[in-house]
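# Chain and residue survey
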Amino acid sequence: MPFDNQKILPAARSLKQFEQLLKCPFEYIVLLEVHVGNLKTLKQEAEKHEKKVIIHADLIQGLKTDNYAADFLCNDIRPAGIISTRSNMIMKAKSKGIIAIQRMFLLDTIALEKSYSLIDQTAPDYIEMLPGVIPELISEVYERTGIPIINGGLIRTLAHVKDALNAGAVAVTTSDQELWESYYDKSK
């Protein structure tokens, strides 16, 4: 099962949220908007609490998304997964046995087609589709790519989460602590 059947992938936007996630029952947690200098320490702390870290490479403060950054994340930090819009990040993660999550923005038909082209090249393990409040496209993207979908972005209510999961998403990413708490009992 993807992410050990964890339906919510809680995303920490601050060190305070990260500390809260260490106490919750979720095995997989997402790091965003933290400083690159804290990554190694945060990953070690997460491992002490038996958490698997997924790093959102594009949102790490002080980290470029070039090949050197991809090498650094994959070789020095070695998270469970990497989320990125960048093909070099996805391909490096895949080559190192790290879960590769390609971020896809649903802006318009042109952006959707460009995303399909990129996904054909990178063959990620998962696609994070944004914004998450367009669940009717989940099945279309999955049928076109054959890659499991994670939904994220603008997920603000339990109804948004349920709609995404009912539409076929394997999980939902959110930094909304109330939504995390709603899924504590359902995380395993």
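Each remark here, short or long, concerns the structure printed above.
Everything numeric in this text was worked out from a predicted model, so none of it was measured.

Along strand 5 (residues 99–105), six of the seven residues are buried, which leaves the element largely enclosed by surrounding structure. Note that the unit made of strand 4 (residues 81–84), helix 4 (residues 87–95) and strand 5 has a crossover that is right-handed. Pairing of strand 5 with strand 6 (residues 126–130), which is carried by five bridges, proceeds in the parallel orientation. Following the sheet pairing, F105 is matched in strand 6 by L130. Regarding topology, helix 5 (residues 109–122) serves as the crossover connection from strand 5 to the parallel strand 6, and that connection is right-handed.

It is worth spelling out unusual backbone geometry at this point. Trans is the prevailing form of peptide bonds, just as negative phi is the prevailing case for residues other than glycine. Residue P131 is bonded to the preceding L130 through a cis peptide linkage, with omega at -5°. Structurally, P131 is set in the loop between strand 6 and helix 6 (138–145). Residue D4 is not a glycine yet carries a positive backbone phi of 50°. Residue placement: D4 occurs in the segment before strand 1 (8–12).

Within helix 3 (residues 67–77), the full set of buried residues consists of A69, A70, L73, C74 and I77. Viewed along the axis of helix 3, the buried residues span an arc of 120°, placing them on a single side of the element. Away from its buried face by more than 90 degrees, helix 3 exposes N67 and Y68. Taking the backbone nitrogen of Y68 as reference, a side-chain oxygen 3.3 Å away marks D66 as the first, capping residue of helix 3. With its phi angle positive at about 50°, R78 sits one or two positions after the end of helix 3.

Counted under the stated rule, the structure contains two aromatic pairs. Both rings, one in F3 and one in Y28, keep their centres 5.2 Å apart while their planes meet at 85°; by these two values the pair is edge-to-face. A residue pair is termed long-range when its members are at least 10 positions apart, and F3 in the segment before strand 1 and Y28 in strand 2 (residues 28–31) qualify at 25 residues. The burial state of F3 is the same as that of Y28; both residues are buried.

Definitions and cut-offs
- Residues numbered from 1 in each chain as written.
- Predicted model: local features only at pLDDT ≥ 70, side-chain atom pairs only at ≥ 80, totals over all residues.
- Heavy atoms only, no water.
- Buried < 20%, exposed > 50% of the residue type's maximum accessible area, 1.4 Å probe, protein only.
- Helix = DSSP H or I, 4+ residues; strand = E, 2+ residues; numbered from the N terminus.
- Right-handed = clockwise from strand over helix to strand, strands pointing away.
- Pairing = 2+ DSSP bridges.
- Arc of directions from axis to C-beta.
- Polar contact = N/O pair within 3.5 Å; in protein donor to acceptor, adjacent residues only side chain to side chain.
- Phe/Tyr/Trp six-rings, centres within 6.5 Å; stacked < 30°, edge-to-face > 60°.

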